[in-house]
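Given next are the chains, with one letter for each unit.
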Amino acid sequence: MSKNIIETDAAHVWHPYSPLLTKRPVAEVVSAKGMYLHLADGSTLLDAISSWWVNIHGHANEVLANAVKEQILSLDHTLFAGFTHKPAVEFATRFLEVVACEQQRVFYSENGSTAVEVALKLAVQYWKNKGQNKTAFVAIEGAFHGDTFGAMSVSARGLFTEAFESLLNPVVFIPFPDGSNDEAVLSALESYIKDDTVAAFIYEPLIQGTAGMRTYSPAMLDKMIRLCREHNVLCIADEVMTGFGRTGKKFASHYCETHPDIMCFSKAITGGLLPLGVTTCTREVEAPFLTEELNRAFFHGHSYTANATICKLALTSLELFESEPCQNDIKRIEAAHKKFFLTYVNHKNIKRIQSLGTILAIELQTSNGKTTYEHEMRHFLYDFFIAKGILLRPLGNIIYILPPYIITNEELNRIYKTVEEMLIVLDKK
Ligand SMILES: *Cc1c(COP(=O)(O)O)cnc(C)c1O
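Residues numbered from 1 in each chain as written. Predicted model: local features only at pLDDT ≥ 70, side-chain atom pairs only at ≥ 80, totals over all residues. Heavy atoms only, no water.

(A) Seen up close, the layout of surface pockets. Space inside the largest pocket adds up to approximately 1,900 Å³. Every residue lining the largest pocket is counted, 50 residues in all, and those nearest its centre are His15, Pro16, Ser18, Val26 and Arg393. Taken together, the elements giving at least two residues each to the lining of the largest pocket come down to α1 (2-12), β2 (36-39), β3 (44-47), α2 (50-53) and α12 (377-387). Of the residues forming the lining of the largest pocket, the biggest block, five residues, is contributed by α12. For the lining of the largest pocket, the class distribution of residues is 30 nonpolar, 10 polar and 10 charged. Here the lining of the largest pocket spans two domains, and each of domain 1 (3-60 + 324-428) and domain 2 (64-322) adds at least three residues to it. Each pocket or cavity is described by its volume, and for the second largest pocket that value is around 820 Å³. Along its surface, the second largest pocket is lined by 28 residues, and Phe80, Arg105, Val106, Phe107 and Tyr108 are the ones closest to its centre. Elements that contribute at least two residues to the lining of the second largest pocket include exactly α4 (86-99), β4 (103-109), β12 (277-282) and α9 (283-286). Counted by class, the lining of the second largest pocket contains 16 nonpolar, nine polar and three charged residues. (1 Å grid on protein atoms, 1.4 Å probe; cavity = no way out; pocket = protein on both sides within 12 Å on 5 of 7 lines; lining within 4 Å. Points joined across faces, edges and corners; volume = space filled by probe spheres on them. Helix = DSSP H or I, 4+ residues; strand = E, 2+ residues; numbered from the N terminus. Nonpolar A, V, L, I, M, F, W, Y, C, P; charged D, E, K, R; others polar. Domains from an automatic or database assignment.)

(B) Expanded view of the packing of aromatic side chains. Counted by the stated rule, this structure contains 23 aromatic pairs. Note on Tyr17 and Trp52: the rings are 5.8 Å apart at their centroids and 70° apart in plane angle, and the pair reads as edge-to-face. Taken together, the positions of Tyr17 in the loop between α1 and β1 (29-33) and Trp52 in helix α2 put the pair 35 residues apart, joining distant regions of the chain. Members of the aromatic cluster, joined through ring pairs, are Phe80, Phe91, Phe95, Tyr108, Phe244, Phe251, Phe265 and Phe321. One cation-aromatic arrangement involves Lys134 over Trp127; the distance from NZ or CZ to the ring centre is 4.0 Å. Its guanidinium or amino end placed over the ring of Phe176, Arg214 lies 4.0 Å from that ring's centre, counting from NZ or CZ. (Phe/Tyr/Trp six-rings, centres within 6.5 Å; stacked < 30°, edge-to-face > 60°. Lys NZ or Arg CZ within 6 Å of the ring centre and 35° of its normal.)

(C) Broad picture of the pairing of β3. Bridging between β2 and β3 involves three bridges; their strand directions are antiparallel. Of the residues in β3, the one forming a bridge with Tyr36 is Leu46. As consecutive antiparallel partners, β2 and β3 are separated by four residues, and within that stretch Gly42 has a phi angle of approximately 90°, a positive value. Relative to strand β15 (residues 390-391), β3 is paired through two bridges, and the arrangement is parallel. (Pairing = 2+ DSSP bridges.)

(D) View of the site of the ligand. Surveying the vicinity of the ligand reveals the residues Trp53, Asn111, Gly112, Ser113, Phe144, His145, Gly146, Glu204, Asp238, Val240, Met241 and Lys267. Measuring from an oxygen atom of the ligand, one finds a side-chain N or O atom of Asn111 at 3.5 Å. Residue Lys267 places a side-chain N or O atom 2.7 Å away from an oxygen atom belonging to the ligand. Residue composition of the shell around the ligand, by class: four nonpolar, five polar and three charged. (Near = heavy atom within 4 Å. Polar contact = N/O pair within 3.5 Å; in protein donor to acceptor, adjacent residues only side chain to side chain.)

(E) How the structure looks around the nonpolar core. Judged by nonpolar contacts, the single largest core of 97 residues is most densely connected at Phe95, Tyr108, Phe201, Met224, Val419 and Met422. Both domain 1 (3-60 + 324-428) and domain 2 (64-322) contribute no fewer than three residues apiece to this core. For Met224, the contacting residues outside a window of four places in its chain are Ile140, Ile174, Pro177, Val185, Leu186, Leu189, Phe201 and Tyr216. In terms of nonpolar packing, the next biggest core, distinct from the first, is built from 28 residues, Ala200, Ile202, Ile236 and Phe298 among them. (Core = buried A, V, L, I, M, F, W, Y, C linked by side-chain atoms within 4.5 Å. Buried < 20%, exposed > 50% of the residue type's maximum accessible area, 1.4 Å probe, protein only. Contact = heavy atoms within 4.5 Å.)

(F) Layout of the sheet that holds strand β6 (residues 171-174). On the basis of which strands lie adjacent, the open sheet formed by seven strands has the order β4-β12-β11-β10-β7-β5-β6 and mixed pairing. Edge positions in the open sheet fall to β4 and β6, since each of these has one partner strand only. For this sheet the average axis-to-axis angle between neighbouring strands, irrespective of direction, equals 20°. Bridge analysis of strand β7 (residues 198-203) against strand β10 (residues 234-238) gives four bridges, and the strand direction is parallel. What sits directly across from Phe201, in β10, is Cys235. (Axes fitted to C-alpha atoms, helices over the stretch in contact; angles between N-to-C directions.)

See the structure below:
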């Protein structure tokens, strides 16, 4: 049966970011519970990366599953143009309180890319409704904001965007603020935004995920946001990865003194069970849309906008996230990561190690000194951890641990021990 699934999959099903022909077959997962994925070959994997950064309360969580079941049986889904429902309104109001940052209105979509797409369109139409033609964007080198055309445009040019380059909107990229180049970054930003053509500056607050989990300081982010304010450029915080406790605080933007005008959320927003994207904005941003004129309304909407079942799930997940046990788990993981970081900060096989909240990232030394997403070391690393029953998905020569918050200390230690073993194997290679 299992062989059949793999063969049929190879014949008919496409997988993300993967060549259609590969010597590395996909694995069939048959069930998932708590921290673990159970595979068809009888093996079990510890999900150390939250199934691509989405899962925070563990797999098959009963509280979440029951909320979904109850909601489906009472109100599954309806159109959202001309209608509303309690799950959408309750989640919106509760969520805005937790996000704070002066965010006052939510727009629902289904994933991180669409949350970003909505943010970019809102920014452009904000200026248009105010009678100004500002349509350009500034982003940070190495950025990843998603795979739709708008989101790709504001993402780093490279492997992910290569085939579509001629179709992407022009966007200028400022250097990544690596701690040594603050002045250069700020002057590049200022030179791009001073001519009144830039609608918005978009950034992943404090840490770029896909670029290799690399961090920068809240103080620097504050400076960039202030500069944008001075030059009438909107700021869009893409919290798709950083939201819901990943960086230690509830949202990465909470480390800053300034606040963004627009924010994007997805991934952990539902606890990782079902897809949801949310874009929020301040009263200032919604102001030019407060009119009865149809041509100034925001023309964007999806068939599944504000799906009632998923909104109810997101509300239930938010309650779990806000609970004391979950907040304590985040602090516990943060402390454990920090301890590991301090032990290994000077290891000779490690080029860079960083811990921020529940994220621990390790960039390994390579023989040619280069760090790339395609680095062949990723296969060795992936296989090494899989053989030990741990799912890590390296970004080239960078590994990171980004676990669901229910992970126990024993499970965390098991991952750390395996990383230590890997460092010893690298010594011998
Ligand atoms: C994953 C991610 C996205 C895209 O989200 P999808 O749900 O995969 O479309 C956008 N921005 C950031 C920062 C992300 O990490």
